[in-house]
Amino acid sequence: MNRSILMALALAGLATAAQAQTPKEHFNAESKRIATRYAEDKKLCSEESESAARMQCTRDAKSEYDKSMALAKAQLKASPAKPGSCMECGKVTSVVVTDKAGEGSALGLIAGGVAGALLGNQVGSGHGRELATVAGAAGGAYAGKKIEENAKSTKQWTVHVQYEDGKQASFNFDHDPRMLSGDRVRNDNGNLVRN
């Protein structure tokens, strides 16, 4: 009587373990079982005495293997996500802060050009002064544009996320999102929020 109770408990434990498996774990276990069965069938086929019978047995074993694998793959594809899972949930893998260059406007270009021309005009005399004025205007315009771009530069935070299904995504913020590597997050219609 004790033995039958132990057997019942063991079977119940196996059933619970099978239910606790994810669809991918179930597929992997089923694939191993199918491959083992196929190897056993091929071994039996090799014991056939006639070559025609061996060939037919091998073809039949391969056909059964292919059918079983196709069924296991179809079951994996059709399996629902495990209850309570969140397809839009994941974990922050890294947060990278970079400087985003600002955009220069005509104002920086003009102001730099005028300042450069005035400085260039102070150099040399005659025809050299004209060349220095033109060169100063061009150099000043470039410098003015770069100065304005630097003045308008901002920081950008890029949060890299790996979802529970293995996919990865990146989200850009113009302010500190106050997220760290390892934080649990959720994609809420394109907005990244803590989970």
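Look above for the structure.
Residues numbered from 1 in each chain as written. Predicted model: local features only at pLDDT ≥ 70, side-chain atom pairs only at ≥ 80, totals over all residues. Heavy atoms only, no water.

Our focus in this paragraph is the side chain of Gln156. As for its position among the elements, Gln156 is in strand E2 (residues 154-163). According to the relative accessible area criterion, Gln156 is buried, its value standing at 18%. Among the polar contacts made by the side chain of Gln156, one reaches the side chain of Asn172 at a distance of 3.2 Å. If near-sequence neighbours (up to four positions away) are discounted, Gln156 is found in contact with Val96, Val97, Thr98, Lys100, Asn172 and Phe173. (Helix = DSSP H or I, 4+ residues; strand = E, 2+ residues; numbered from the N terminus. Buried < 20%, exposed > 50% of the residue type's maximum accessible area, 1.4 Å probe, protein only. Polar contact = N/O pair within 3.5 Å; in protein donor to acceptor, adjacent residues only side chain to side chain. Contact = heavy atoms within 4.5 Å.)

A few words on helix H3 (residues 51-78). The end-to-end C-alpha distance of H3, which contains 28 residues, comes to 40 Å, matching closely the 40 Å that a straight helix rising 1.5 Å per residue would cover. Within the sequence span of H3, burial applies to Ala61, Met69 and Ala72. As for H3, its buried residues are in contact with helix H2 (23-46). (Expected span 1.5 Å × (residues − 1).)

For the rest of this paragraph, the subject is the environment of Ser94. By the element assignment, Ser94 lies in strand E1 (residues 89-100). For the pair Ser94 and Gly182, spaced 88 residues apart in the sequence, the C-alpha separation amounts to 8.0 Å. For Ser94, the contacting residues outside a window of four places in its chain are Thr158, Val159, His160 and Ser181.

The next subject is the packing of H2 against H3. Relative to each other, H2 and H3 sit at 175 degrees, their axes nearing to 9 Å. With respect to each other, H2 and H3 are oriented roughly antiparallel. Side by side, H2 and H3 meet where Pro23, Lys24, Phe27, Glu30, Ser31, Ile34, Ala35, Tyr38, Asp41, Cys45 and Ser46 of the first sit next to Arg54, Cys57, Thr58, Ala61, Lys62, Tyr65, Ser68, Met69, Ala72, Lys73 and Leu76 of the second. Across the contact of H2 with H3, the residue classes break down as 12 nonpolar, 4 polar and 6 charged. (Axes fitted to C-alpha atoms, helices over the stretch in contact; angles between N-to-C directions. Parallel < 35°, antiparallel > 145°, perpendicular 65-115°, else oblique. Nonpolar A, V, L, I, M, F, W, Y, C, P; charged D, E, K, R; others polar.)

Sheet architecture is open: 5 strands sit in the order E3-E2-E1-E4-E5, paired in antiparallel fashion. The open sheet has two edge strands with one neighbour each: strand E3 (168-173) and strand E5 (191-194). Pairwise comparison of adjacent strand axes, ignoring direction, gives a mean angle of 40 degrees for this sheet. Relative to E3, E2 runs antiparallel, the two sharing 6 bridges. What sits directly across from Thr158, in E3, is Asn172. (Pairing = 2+ DSSP bridges.)

This part is about the nonpolar core. Grouped together as the largest cluster of nonpolar side chains are 10 residues: Val92, Trp157, Val159, Val161, Tyr163, Phe171, Phe173, Met179, Val185 and Leu192. Sorting the residues of this core by element identifies E2 and E3 as the ones contributing at least two each. In terms of residue count, E2 provides more of this core than any other element does, 4 residues in total. (Core = buried A, V, L, I, M, F, W, Y, C linked by side-chain atoms within 4.5 Å.)

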